[in-house]
Amino acid sequence: MHLEFPLLSGGPAQGLADAGIETFEGDYAHYVVRETIQNSLDAKSDSTEVVEVTFTHQRLEKNDFPFFPDLQAALNSSRKMWGGASKEDRFFTEVDRQITYDSFDVLRIEDFGTTGVTGDESDDHSPWSALVQQRGASAKSTGTAAGSFGIGKDAPLAASAFRTILYSTTTEDGKSAFQGICRLATHLSRDGKKTQQTGFIGESYDSDLEVHPAIRNVEEIPTDFQRSSPGLSLWVLGFRYGGDSWQERFQEAAIANFWPAIHRGSLRIKIQDLTIDQTNLGSLIGSMASNPRIKEITPYYSSEVAPDKEFHEKLPIAGKCRLTLRSEPNYPRRIKMTRKSGMIIDSYRPRGSLIPFAGHFSCISDTGNTILRILEPPAHDKWDKDRGETKEEKKIIDEIRAWIRECIKKLNPQGHQTSFTEDQLSRHIPPISPEDLPDSGSSSGEPGIEGKPLEITLPQVNSHRPKITVKSDGAEGEGEGDGGGGDGEENESGE
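About the criteria used
- Residues numbered from 1 in each chain as written.
- Predicted model: local features only at pLDDT ≥ 70, side-chain atom pairs only at ≥ 80, totals over all residues.
- Heavy atoms only, no water.
- pLDDT = per-residue confidence, 0-100.
- Contact = heavy atoms within 4.5 Å.
- Salt bridge = Lys/Arg side-chain N within 4 Å of Asp/Glu carboxyl O.
- Helix = DSSP H or I, 4+ residues; strand = E, 2+ residues; numbered from the N terminus.
- Buried < 20%, exposed > 50% of the residue type's maximum accessible area, 1.4 Å probe, protein only.
- Core = buried A, V, L, I, M, F, W, Y, C linked by side-chain atoms within 4.5 Å.
- Expected span 1.5 Å × (residues − 1).
- Arc of directions from axis to C-beta.
- Polar contact = N/O pair within 3.5 Å; in protein donor to acceptor, adjacent residues only side chain to side chain.
- Pairing = 2+ DSSP bridges.
- Axes fitted to C-alpha atoms, helices over the stretch in contact; angles between N-to-C directions.
- Phe/Tyr/Trp six-rings, centres within 6.5 Å; stacked < 30°, edge-to-face > 60°.
- Lys NZ or Arg CZ within 6 Å of the ring centre and 35° of its normal.
- Bend = angle between axes of the 7 residues up to and from the residue.
- Parallel < 35°, antiparallel > 145°, perpendicular 65-115°, else oblique.
- Left-handed = near helix turned anticlockwise from the far one by under 90°.
- Nonpolar A, V, L, I, M, F, W, Y, C, P; charged D, E, K, R; others polar.

Topic: the confidence of the model for the protein
Predicted coordinates in regions of low pLDDT should not be interpreted in detail. In the predicted model, the protein carries a mean pLDDT of 82, and 79% of its residues have values of at least 70. Across residues 437–444, where pLDDT falls below 50, the model places 8 contacts with residues more than four positions away in sequence or in other chains. Low pLDDT (under 50) marks residues 473–495, which in the prediction has 50 contacts with non-local residues, meaning those over four places away or in another chain.

Structure follows, in structure tokens:
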């Protein structure tokens, strides 16, 4: 096993400033967690109910990697060609910190309950080719897939001091593959020829296929990198987070981005020795209440586990959708938005609502999920209707928002009516910003929430308030508000 960089062969030289990697610089925990978990959720096996993703920090010996001399030579050659600029020098300083010792930091990420990465390098349209062999391409098993090896696969590379990742997979039909990639910069090979930016770890170049193939004979895959069950494992070599702080950051990112999927029981995450699942999510959110990102998501989580009202509707374009709402003083009057994957994508703050609330919206239908995915940028952090081309793609966001506004009109916090003096009342009314006030002349075209004059009904904080579920015919029914998604979750299985 060795590392080979294809020759440049007259192409343009490529520096260290790689656009894909630069996208994920900075908050490595946030990006690595989001991108790797969403790809695992996309690859969920039909035979399992829960996808499990584990993150484990290790110190591994250089001798565990037969290709390490090739990597060290490529790094030294890249330094000679590109060193000197401040940003490049910072990169090589981090390399020196990791490479000086006989061992270095490694982050191992593994998923279970998934299909593994199917296909091989002979098929340009296979998931394996999209993951290892290609850039700017993705292979989706369904139209609702959130990631599946597009630009998001660069997030782990950004977290590697060596920009080197190893992949090992076993598929449900028992096929295995092992390969690594290293994305540095154009440099001189051992025989003095300029190389391309990306090198491959595995088998030697196959002139017939014109690729560097993966190792597919299990006996040739090092024991420590073999899998015993279907799924994907990857190793981030030279993991840029040292010490113990990485665990807290990854826990925060996992909960903040995937609490809907964890809450409904479709995702379990293990970070070193801590398991985050449906049974302990609430207690973890409570124990991390001082963390700003966890504090920010708490109202939305509360709206899911103890909603005042829960709505279900089959919209003409988006299909089956679900919305939970809860009102408490000082709640942000905002909705967190997800698709079937259960990852937070967007948020929406309807204008003109003076009743404080928080909510969680989920598009459940395959048709709606397919359209919404088209509207997401590579970071999957919003729905942008300007990315739409068809009539449905351009109208789906307005349709969803209009339905949310109608639901909010029906929100009447439960509790006892109380009389207040004017001074006392002012303490219970949340501050009103300009964006909360209806403005028919707004260039955004976003309507406010219309209706009768505002009636102030102050909620009594009570964990046993009845939950009201509103179905598509508008009928209301009461149920205990302590179930956290119980009845509503059963409706997320189809259109």
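Next comes the rest of the account.
Topic: the pattern of salt bridges
Counted according to the given criterion, the structure contains 19 salt bridges. E121 is the partner of R216 in a salt bridge, and the nearest nitrogen-oxygen pair spans 3.3 Å. Of the two residues, R216 is situated in the loop between β6 (198–202) and β7 (231–239) and E121 in the loop between β3 (103–112) and α5 (127–133); the sequence distance between them amounts to 95 residues. With a closest N to O distance of 3.1 Å, K385 and D398 form a salt bridge. Here D398 lies in helix α11 (residues 391–409) and K385 lies in the loop between α10 (366–374) and α11, a separation of 13 residues in the sequence. In this structure K385 comes out as partly exposed when scored by relative accessible area, which is 33%. Using a relative accessible area of 37% as the deciding quantity, one classes D398 as partly exposed. Each of the salt bridges in this network shares a partner with another, and the network as a whole consists of D27, E252 and R293.

Quick look at the environment of R373
Counting through the fold element by element, R373 comes out in helix α10. Between the C-alpha atoms of R373 and R339, which are 34 residues apart in sequence, the distance is 8.6 Å.

Regarding the nonpolar core
Of all hydrophobic cores here, the largest spans 85 residues; its most connected members are F55, F250, L267, F361 and I404. Formed by 29 residues, the second largest nonpolar core is a distinct cluster that contains F5, L60, L75 and A161.

A few points about helix α4 (residues 86–99)
The terminal C-alpha atoms of α4 lie 20 Å apart, and with 14 residues this matches the ideal 20 Å at 1.5 Å per residue to within 8%. Three or more residues of α4 are buried, namely E88, F91, F92, E94, V95, Q98 and I99. Looking down the long axis of α4, one finds its buried residues gathered within 150° of arc, a one-sided arrangement. Projecting away from the buried face of α4 at angles above 90 degrees are the exposed residues S86, R90 and T93. Buried residues along α4 sit in contact with α3 (68–82), β3, β4 (160–170) and β7.

Points about the environment of T114
Secondary-structure assignment places T114 in the loop between β3 and α5. When the C-alpha positions of T114 and G231 are compared, they lie 5.1 Å apart, and in sequence the two are 117 residues distant. For T114, the contacting residues outside a window of four places in its chain are S40, A43, K44, S45, V51, E172, P230, G231 and L232. Looking at T114, its side chain comes within polar contact range of the side chain of D111, at 2.8 Å.

Some details on the sheet that holds strand β5 (residues 176–183)
Ordered by their spatial adjacency, 9 strands build an open sheet running β1-β6-β5-β4-β7-β3-β2-β8-β9, and the pairing between neighbours is mixed. Looking along the sheet, the strands with just one partner apiece sit at the ends: β1 (2–4) and β9 (274–276). Between one strand axis and the next, the sheet turns through 20° on average, direction left out of account. Pairing between β5 and β6: 4 bridges, direction antiparallel.

A few points about the packing of aromatic side chains
Scanning the entire structure with this criterion turns up 17 aromatic pairs. Seen from their ring centres, F104 and F162 are 5.4 Å apart, and the 80° between their planes marks the pair as edge-to-face. Taken together, the residues span a long stretch of sequence, with F104 in strand β3 and F162 in strand β4 at a distance of 58 residues. With respect to class, F104 is no different from F162; both count as buried. Between F239 and W246, the ring centres sit 6.1 Å apart and the planes meet at 85°, which makes this aromatic pair edge-to-face. A relative accessible area of 1% places F239 in the buried class. Taken together, F65, F67, F68, F104, F162, F178, F225 and W235 form an aromatic cluster joined through their ring pairs. Sitting over the face of the ring of W128, R216 holds its NZ or CZ atom 5.4 Å from the ring centroid. The ring centre of F112 lies 4.9 Å from the NZ or CZ of R227, which sits over that ring.

Regarding unusual backbone geometry
With the exception of glycine, the majority of residues adopt a negative phi angle, and the majority of peptide bonds are in the trans configuration. At R163, a residue that is not glycine, the phi angle is positive and equals roughly 50°. Mapped onto the elements of the fold, R163 is located in strand β4. Taking relative accessible area as the criterion, R163 reaches 6% and is therefore assigned buried. One non-glycine residue, R333, lies in positive phi territory at about 55°.

Focus on α11
Taking 1.5 Å of rise per residue, 19 residues should cover 27 Å, and α11 covers 28 Å from first to last C-alpha, within 8% of that figure. Largest kink in α11: about 25°, centred on I397. Those residues of α11 lying buried are E393, I396, I397, E399, I400, W403, I404, R405, C407 and I408. Summarising the contacts, the buried residues of α11 are in contact with β10 (309–315), β11 (319–326), β12 (334–338), β13 (344–348), β14 (358–363) and α10.

Some thoughts on the packing of helix α2 (residues 28–42) against helix α7 (residues 245–263)
Where α2 contacts α7, the two axes come as close as 9 Å, and the packing angle between them is 50°. Compared by their axis directions, α2 and α7 come out oblique. When the axes of α2 and α7 are compared, the crossing they make is right-handed. Here A29, H30, V32, V33, R34, I37, Q38 and L41 of α2 come into contact with α7, specifically with R249, F250, A253, A254, N257 and F258. Split by residue class, the contact of α2 with α7 holds 9 nonpolar, 3 polar and 2 charged.

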